[in-house]
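Structural description and commentary
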There are 4 protein chains.
Amino acid sequence: MPAPLVPVEIREFAEPELPPGGALLRTALSEVCGTDVHLWHGRLSGVPYPIIPGHVATGTLDAIRGTLTDAEGGALREGDRVAFFDVHRTCGRCLACTAHRTPTRCGSRRVYGITDSATEGLYGGWAQKVYLEPGVVVARLPDGVSFESYIGGGCGLLTAVHIIERSKIVLGDTVVVQGAGAVGMSAAALARAAGAGQVIVIGAPQSRLDLSLKMGADVVINIDTTAPEARLEQVLALTRGLGADVVIEAAGSARAFEEGVRLARNGGAYVIAGHYTNVGDSTINVHEHINRKHLDIRGCWGSEVGHFLRALRVLERHHHDVPWHLIGAQKFGLAAINDALAVAASMEIPKALVDPWS
Amino acid sequence: MPAPLVPVEIREFAEPELPPGGALLRTALSEVCGTDVHLWHGRLSGVPYPIIPGHVATGTLDAIRGTLTDAEGGALREGDRVAFFDVHRTCGRCLACTAHRTPTRCGSRRVYGITDSATEGLYGGWAQKVYLEPGVVVARLPDGVSFESYIGGGCGLLTAVHIIERSKIVLGDTVVVQGAGAVGMSAAALARAAGAGQVIVIGAPQSRLDLSLKMGADVVINIDTTAPEARLEQVLALTRGLGADVVIEAAGSARAFEEGVRLARNGGAYVIAGHYTNVGDSTINVHEHINRKHLDIRGCWGSEVGHFLRALRVLERHHHDVPWHLIGAQKFGLAAINDALAVAASMEIPKALVDPWS
Amino acid sequence: MPAPLVPVEIREFAEPELPPGGALLRTALSEVCGTDVHLWHGRLSGVPYPIIPGHVATGTLDAIRGTLTDAEGGALREGDRVAFFDVHRTCGRCLACTAHRTPTRCGSRRVYGITDSATEGLYGGWAQKVYLEPGVVVARLPDGVSFESYIGGGCGLLTAVHIIERSKIVLGDTVVVQGAGAVGMSAAALARAAGAGQVIVIGAPQSRLDLSLKMGADVVINIDTTAPEARLEQVLALTRGLGADVVIEAAGSARAFEEGVRLARNGGAYVIAGHYTNVGDSTINVHEHINRKHLDIRGCWGSEVGHFLRALRVLERHHHDVPWHLIGAQKFGLAAINDALAVAASMEIPKALVDPWS
Amino acid sequence: MPAPLVPVEIREFAEPELPPGGALLRTALSEVCGTDVHLWHGRLSGVPYPIIPGHVATGTLDAIRGTLTDAEGGALREGDRVAFFDVHRTCGRCLACTAHRTPTRCGSRRVYGITDSATEGLYGGWAQKVYLEPGVVVARLPDGVSFESYIGGGCGLLTAVHIIERSKIVLGDTVVVQGAGAVGMSAAALARAAGAGQVIVIGAPQSRLDLSLKMGADVVINIDTTAPEARLEQVLALTRGLGADVVIEAAGSARAFEEGVRLARNGGAYVIAGHYTNVGDSTINVHEHINRKHLDIRGCWGSEVGHFLRALRVLERHHHDVPWHLIGAQKFGLAAINDALAVAASMEIPKALVDPWS
């Protein structure tokens, strides 16, 4: 991706010389997610174009120089099926990393496929081989978890693990998820896995809602065919008039926020995870929707190493009963990469996959 | 108070016959707080006028029928200096009281001086004697805590105890308090008492800011003489550019909310306690101020029995070094009760006291 | 049960006259749980024998005087299939109920079938009709949840809901449950329902472990055929050498506690719920097992109204996939009630059911 | 310290050549704390003798190669008065560092003066110059905070910040601190600073208890002149028969643990921080002291970067009213270093200071 709004080009790079502790991943699959569309539209600031997109990728270890270990100290070997955590160089020393316990707000953080320039190396999953610099967290895919399952979850699954941690779901809670994209669908699946008594997904189009039902939603509400008042009434009807215990915003719409504060019950929680970019201002009545409601609103930014590692455990547990592989609905080779972007931008499918070798 | 917007009248009532477990308080002091002004302006819905205002009061036990015990089971006796918790009839059975752990949202709650009609009995502190119905929580004032200290704290102190609980202040935190009224000043005092490394109060007029400094603020910022940008800059300058760890909204202004989300740091907390009535809508950018900031916003409604009991412990500890008695700046007898309301409404002083016997 | 260690007798009582808000339950099923065995053995102090045992029961509403509402304010009607929360008269005013937020430690609490004497009324589920005094929390059984499922869960399920709340399980955690009784099996089922990546049950006999597998355990370890060291090794092997994220003690054995602190990982959590009676002292090394391990040990006593209400939501969600009805393995009529006690005391089956009409 | 149980020797080392990002501290003061006595007695395993003791030190920056920044990114300069965090090389990638959020249990951690051999460099505060390797967290002492105040707090203050975080003190709580050493005294000071309504220190000898009163304790109890039952009675008398809301173990005694579970109230918290080494087994009754008591016991190991940074904020706030400088009661030069160890081992004074230049 040489710059925003121009076609993505295929370029050739020499294989990097690995430093001790470095490795090369032979990419099996990467993804085109909403962030990649934002990158292409130039909506993120400070991006060092040209970049190799694809912040999430999975494949096999192609080469290791010296020793490479996973988070638990286990040795990784060439040929292992692995994934890596795209966020790296988190400093571990600043206030965000330490006293504040919010490493996703560390100023030193860098992210594969987004903040690392192609001029620096193979830092993106759309490359056939990805350079895993020393310090990047690499983990083996659990047995039985396919590349398709992992990448179908992808960054959305990691974000969803973070969302669920922030949501503090208690057994029997009613959870409303706003948004039926990759994040919303994984959040719905994990809300159910975390003990929700009832999961309601609000979104569109119908095809994504149908998939949301397969992912674990009990009820879906189509925003294309309903008004906000009707949706509120439906949620109240499903919660004996109280509203949802937990609402999860994974829609990225200013209107969704205004609606979400109404859907939550008194003393409930509202996790905000979909406003990855600026989509304009929202208007709320603080008396009615926050103060009197005794509501908790929790912003949820990015994901941490721990969420990546837990996501693998979740996949191990649930890959049989949650069809993550269906989220990545269509595969594209590098020759068709601009088509992949176009399809992702059109929101026809929740996520396009990239197989840079096909 | 026969109805909104008409003068308060003095009426005589017969002393009630006490049921077993009931008691009469001989009022020493009650208060005119912002809520009473709201009541007078008719801004609260569902109020069963005529009412005897004064939801908070303190005095001596005048008569007890049968046994009256405090929360710890200790016997109370006639002549004891006591205070009572104005919220009563919380049901203990509904979801708000139990599974949701938010008893301040119980639908059965009633509040002295607000939701109890004068036609039902002496349910308000502006009466010379207040009827303490069975089940109302009554507690002895700690030795050395004067009526003036208790009532100077009053309902604002109880709310502040709740605020501090919600704020989860950690040692060394910078806390910004928006609002220099009775709630804000107690919140500033308690933020300091709870370990804040730095307490900044933003409000007006200057006289209240001066008192805020005596209450425990380290820095005060006058909103009458500064613009929001200048205030943000000052908070950033005092926090090495990060913003406040905790912001407490005790201002009851739609603009304060919009400012507060800017004053908090990444991963910080913002407790909303001042929007007791509807003061109109607020506009925020969810991406910038909640999601990317990974911010926690916590609505804080009313107070619970536990906050009342803790407030007494706080007064016992701090009545020497925190001048709560200065918040109740002026005392009024019943004959001057309309003057008291006028003074409170004018915001000249943070709180007017009522001595119904003078 | 006239007194400890003598046979239980069948006595006839007149139907009580109901006060306003009171009701009668026509018992469908009650249970003989471990507590009933303790009562029979006289191991609980302060029990006002004679008592009607059966602190948990379910059935249909036989008579209501006036209005009876559920926790959400919905009207209940005669003929409704309901359950009630056995703990009542929790005061809502003492420190335990309020400031400490531990209502299970309220000194005023009374419990059907345990602390209420038969001389006071029909306060126990082994009676054909149970008196539901005003204030007792009553709730409708969700559609599709059979009496057998509810009572199979019974008090153990409520305790398990409390345990899971205290355990703060995060997605992917490994959870070890010590004990394969009614509490342990429900805890295993709920740990899985709350997102555990792996659930290991340690207990005996094999029949209970087999049932634990049906309830949701992934791995079971038989204490009759293994030594503590072997069990520790197995847990370490299943957790890459780290130990369990969460250990739940539902065994009621002093040795189990000594073993449990070893099974938890560094920074893990250990919830203690099985020591309902005094089974002697335990010996641990505080340096090794608590301090250096940075371990959280959390006592978990009884259950609250909220746990009862959540248990019904959990049954509604999971009665199809978790076979609670299998826990109550055998039904007894009143004529065979002493046999029921004997079977329960022998630990042959996890729980005996009582149908007082058969 | 060439080896356990032999006299400490003074050795000369060449000044190290600094790598980029490295620095040299000119030591003003270091300390002899209980850990140094343990090191001398050989009670810690895996220590790579010979070592330069003194894990905590403060002084001025003597030399910097390249850029050295503090945690907030501010540039540090030669001549600055600074302290550094003794724990370094925490990996930031393992489960302890990430998913478990317990970086003090990271297997890669190293600690100045304890786990770093003198053969590797100047890794200890008893040296005149300490090598600050790249990555070590360095911070400026706040204005007005003397070297004596900082080192008087020392490692005990950092541990105390961690303890207070784990204790979750709420306004008005009664806090009992077991132990009147450097950790216990700082914990008492910080418990008060964090809002405790009452702080009780249990320990010996009387001189330390007297200093504890100056540090912030309200009540002290001398274990040399009282029996455990009398101490329990006194704590009950001070808490209306309930027991302490929070108990903090900073005594390092197996008996203290057995006593502490009795001192806590139902639903209270017990933080275990003093069992830094193995002092033998403790015996408790799990039914009585954990389960029925619904008690939280929280192990607290070491301290994190965030605790170091917060400790500096605490010193900035409280160095005027809390006499940390009195904890370091006596200063020793290198020539008298074995006397310093002997005094510290004798427990005559809470902490000996080391000025390696005198």
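Residues numbered from 1 in each chain as written. Chains lettered and ligands numbered in written order. Predicted model: local features only at pLDDT ≥ 70, side-chain atom pairs only at ≥ 80, totals over all residues. Heavy atoms only, no water.

Quick word on the overall build of chain A
For clarity, the cut-off: Every helix listed is a DSSP run of H or I at least four residues long, and every strand listed is a run of E at least two residues long, numbered separately from the N terminus. For the radius of gyration, the atoms used are the C-alpha atoms, and the globule rule reads 2.2 Å times the number of residues raised to 0.38. Burial status follows relative accessibility: with a 1.4 Å probe on protein chains alone, a residue under 20% of its type maximum counts as buried, one over 50% as exposed, and anything between as partly exposed. Contacts are residue-level and defined by heavy atoms, with any inter-residue pair within 4.5 Å sufficient. The Shrake-Rupley method, run with a 1.4 Å probe sphere, supplies the accessible areas, and residue values consider only the shown protein chains as cover. Note on charges: Lys and Arg go in the positive column, Asp and Glu in the negative column, and His and the chain ends are not counted at all. By convention, the charge on Lys lies at NZ, on Arg at CZ, on Asp at CG and on Glu at CD.
Helix and strand counts for chain A stand at nine helices and 16 strands. Over its C-alpha trace chain A gives a radius of gyration of 20 Å, about what one expects of a compact globule, namely 21 Å for 358 residues. Viewed in the frame of its principal axes, chain A has a C-alpha envelope of about 60 × 40 × 40 Å. For chain A, the residues scored as buried account for 65% of the 358 residues in total. Of all intrachain contacts in chain A linking residues separated by at least 6 positions in sequence, the fraction that spans at least 24 positions is 70%. Total accessible area computed for chain A in this model is approximately 12,100 Å², and 50% of it derives from carbon and sulfur atoms. Side-chain charges of chain A comprise 32 positive and 37 negative groups, with the mean position of each set lying 5 Å from the other.

Let's talk about a positive patch on the surface
This is how the line gets drawn: Residues form patches when they are more than 30% accessible in relative terms and have no salt bridge. Like charges link within 9 Å. Nonpolar side chains (Val, Leu, Ile, Met, Phe, Trp, Tyr) link within 5 Å. Salt bridges, as used here, are contacts in which a Lys or Arg side-chain nitrogen is within 4 Å of a carboxyl oxygen on Asp or Glu.
Together, Lys168 of chain A, Lys168 of chain B, Lys168 of chain C together with Lys168 of chain D make up a positively charged patch on the protein surface. Structurally, the position occupied by lysine 168 of chain D is in the loop between α2 (147-167) and β8 (174-178). Residue classification places lysine 168 of chain D among the exposed residues on the basis of a relative accessible area of 53%.

Focus on the environment of alanine 14 of chain C
The topology assignment puts alanine 14 of chain C in the segment before β1 (23-32). For the pair alanine 14 of chain C and glycine 121 of chain C, spaced 107 residues apart in sequence, the C-alpha separation works out to 9.3 Å.

Examining the packing of helix α5 (residues 228-238) of chain A against helix α6 (residues 254-263) of chain A
Residues and elements named next belong to chain A. The line we're drawing: Lines fitted to C-alpha atoms define the axes here, with helix axes fitted over just the stretch in contact, and angles between the N-to-C directions of these axes take values from 0 to 180 degrees. Here the word oblique covers every angle except those under 35 degrees (roughly parallel), over 145 (roughly antiparallel) and from 65 to 115 (roughly perpendicular). Crossings are assigned a handedness: left-handed for a near helix turned anticlockwise from the far helix by less than a right angle, right-handed for a clockwise turn. Side-chain classes are defined by residue name, with Ala, Val, Leu, Ile, Met, Phe, Trp, Tyr, Cys and Pro counting as nonpolar, Asp, Glu, Lys and Arg as charged, and the others, Gly among them, as polar.
Running from N to C, α5 and α6 cross one another at 30°; their axes reach a closest spacing of 10 Å. With respect to α6, the element α5 is oriented roughly parallel. In this structure, α5 meets α6 at a crossing whose hand is right-handed. Taken together, the residues of α6 that come into contact with α5 (itself represented by Pro228, Arg231, Leu232 and Val235) are Glu259, Arg262 and Leu263. Here the contact of α5 with α6 is built from residues that sort into four nonpolar, no polar and three charged.

Topic: the interface of chain C and chain D
Where we set the bar: Accessible area that two parts lose when put together, evaluated with a 1.4 Å probe and summed over both, is termed the buried area. Under the rule applied, a polar contact is a pair of N or O atoms within 3.5 Å (in protein, one hydrogen donor and one hydrogen acceptor; residues adjacent in sequence only if both atoms are side-chain atoms).
Contacts between the two partners involve 41 residues from chain C, matched on the other side by 41 residues from chain D. When the buried area of chain C at its contact with chain D is split by residue, His287, Asn291 and His294 of chain C rank highest and sum to 19% of it. Remark: the boundary between chain C and chain D carries two salt bridges. With its nearest N and O atoms 2.6 Å apart, the salt bridge here joins arginine 166 of chain C to aspartate 296 of chain D. The tally of links between chain C and chain D comes to 28 residue pairs in polar contact (both at pLDDT 80 or more). Counting only elements with at least two residues in the side of chain C that touches chain D, the list comes to α2 (147-167), β11 (244-249), β12 (264-272), β13 (282-284), α7 (286-291) and β14 (296-299) of chain C.

A look at the sheet that holds β12 of chain C
Threshold: Should DSSP find at least two bridges between two strands, the strands are taken to pair.
One open sheet accounts for 12 strands, arranged β10(C)-β9(C)-β8(C)-β11(C)-β12(C)-β14(C)-β14(D)-β12(D)-β11(D)-β8(D)-β9(D)-β10(D); its pairing is mixed. The outermost strands of the open sheet, each flanked by one partner alone, are β10 (219-222) of chain C together with β10 (219-222) of chain D. Ignoring strand direction, the axes of neighbouring strands in this sheet form an average angle of 15°.

Here's the deal with the domain arrangement of chain A
Accessible area lost on assembly of the parts is the figure often given for the size of an interface. Residues and elements named next belong to chain A. Formally: For the domains described, the bounds stem from an automatic or database domain assignment.
Parsing chain A into structural domains produces domain 1 (23-141 + 327-354) and domain 2 (157-299). For domain 1 versus domain 2, the separation of C-alpha centres amounts to 28 Å. Between domain 1 and domain 2, the residue contacts involve 12 residues of the former and 11 residues of the latter. Summed over both sides, the interface of domain 1 with domain 2 buries roughly 870 Å², with 70% coming from carbon and sulfur. On the domain 1 side of the interface with domain 2, the three residues burying the most area are Ile327, Met347 and Pro350, jointly 50% of the side's total. On the surface where domain 1 and domain 2 come into contact, there are zero salt bridges. Here domain 1 is connected to domain 2 by two residue pairs in polar contact (both at pLDDT 80 or more).

Quick notes on the interface of chain A and chain B
At the junction of the two partners, chain A supplies 41 residues and chain B supplies 41 residues. Together, the buried faces of chain A and chain B total about 3,500 Å²; carbon and sulfur atoms form 53% of this surface. When the buried area of chain A at its contact with chain B is split by residue, His287, Asn291 and His294 of chain A rank highest and sum to 19% of it. Our enumeration of links across chain A and chain B arrives at two salt bridges. For the pair chain A and chain B, the number of links is 28 residue pairs in polar contact (both at pLDDT 80 or more). Looking at the side of chain A that touches chain B, the elements that each hand over two or more residues are α2 (147-167), β11 (244-249), β12 (264-272), β13 (282-284), α7 (286-291) and β14 (296-299) of chain A. Pairing geometry for β13 of chain A and strand β13 (residues 282-284) of chain B, over three bridges, is antiparallel. By the bridge assignment for β13 of chain B, threonine 283 of chain A is matched with threonine 283 of chain B.

Considering the state of the cysteines
Residues and elements named next belong to chain B. What counts, and what does not: Working definition: a disulfide is two cysteine sulfur atoms within 2.5 Å of each other.
In total, this model carries zero disulfides over all chains according to the counting rule given. You can see cysteine 106 has no disulfide; the closest cysteine sulfur is in cysteine 97, sitting 3.7 Å from it. With a relative accessible area of 6%, cysteine 106 lands in the buried category.

Examining α6 of chain A
All names here are of chain A. Burial of α6 is extensive: eight of the 10 residues sit out of reach of the surface. Every buried residue of α6 is accounted for by Ala254, Ala256, Phe257, Glu258, Glu259, Gly260, Val261 and Leu263. Taking the backbone nitrogen of arginine 255 as reference, a side-chain oxygen 3.1 Å away marks serine 253 as the first, capping residue of α6.

A short note on the side chain of arginine 310 of chain C
With respect to the helices and strands, arginine 310 of chain C occurs in helix α8 (residues 305-318). Given a relative accessible area of 9%, arginine 310 of chain C falls into the buried group. Of note is the side chain of arginine 310 of chain C, whose polar atom sits 3.0 Å from the side chain of aspartate 173 of chain A. With near-sequence residues (within four places) excluded, arginine 310 of chain C lies in contact with Val170, Leu171, Gly172 and Asp173 of chain A, Ala99 of chain B together with Val161 of chain C.

A word on the relation of the copies chain A and chain B
Just so we agree on the cut-off: Superposition of the copies used a least-squares fit over C-alpha atoms from residues whose pLDDT is at least 70 in both.
Note on the copies: chain A fits chain B at an RMSD of 0.0 Å, the axial shift is 0.0 Å, and the rotation between them is 180°. What we have between these two chains is a two-fold relation. With an isologous cut-off of 70% or more, the 100% of interface residues of chain A that recur at the interface of chain B puts this contact in the isologous class.

Comments concerning the relation of the copies chain C and chain D
Once turned by 180° and shifted 0.0 Å along the axis, chain C lies on chain D with an RMSD of 0.0 Å. Counting the interface residues of chain C, we find that 100% of their copies in chain D are interface residues as well, pointing to one common contact surface.

Some details on the pattern of salt bridges
Residue and element names in this part refer to chain C. For the structure on display, the rule yields 84 salt bridges over all chains. Here lysine 129 makes a salt bridge to aspartate 62, at a shortest N to O gap of 2.8 Å. Note that lysine 129 is positioned in strand β6 (residues 129-132) and aspartate 62 in strand β2 (residues 57-64), a separation of 67 residues in sequence. A relative accessible area of 18% means that lysine 129 is categorised as buried.

Focus: the environment of isoleucine 202 of chain B
All names here are of chain B. With respect to the helices, strands and loops of the structure, isoleucine 202 is situated in strand β9 (residues 198-203). In this structure the C-alpha to C-alpha distance between isoleucine 202 and alanine 217, which are 15 residues apart in sequence, comes to 9.9 Å. Beyond its immediate chain neighbours, meaning those up to four positions away, isoleucine 202 contacts Val176, Val177, Gln178, Gly179, Ala180, Ile221, Ile223, Arg231, Glu259 and Leu263.

Description of unusual backbone geometry
Residue proline 50 of chain D follows tyrosine 49 of chain D across a cis peptide bond; omega there is 0°. Checked against the element boundaries, proline 50 of chain D lands in the loop between α1 (34-41) and β2 (57-64). Here alanine 204 of chain D and proline 205 of chain D are connected by a cis peptide whose omega angle stands at -10°. Relative to the assigned elements, proline 205 of chain D resides in the loop between β9 (198-203) and α4 (206-215). The backbone phi angle of methionine 347 of chain A is positive, close to 65°, even though this residue is not glycine. Topologically, methionine 347 of chain A is positioned in the loop between α9 (337-346) and β16 (351-354). Phi at leucine 5 of chain B takes a positive value of approximately 70°, unusual for a residue other than glycine. You can see leucine 5 of chain B is positioned in the segment before β1 (23-32).

With respect to the confidence of the model for chain A
Note the following rule: pLDDT expresses, on a scale from 0 to 100, how confident the predictor is about each individual residue.
Per-residue pLDDT for chain A averages 95, and the proportion of residues at 70 or more is 100%. Taken together, the chains of this predicted complex give a pTM of 0.96 and an interface ipTM of 0.95.

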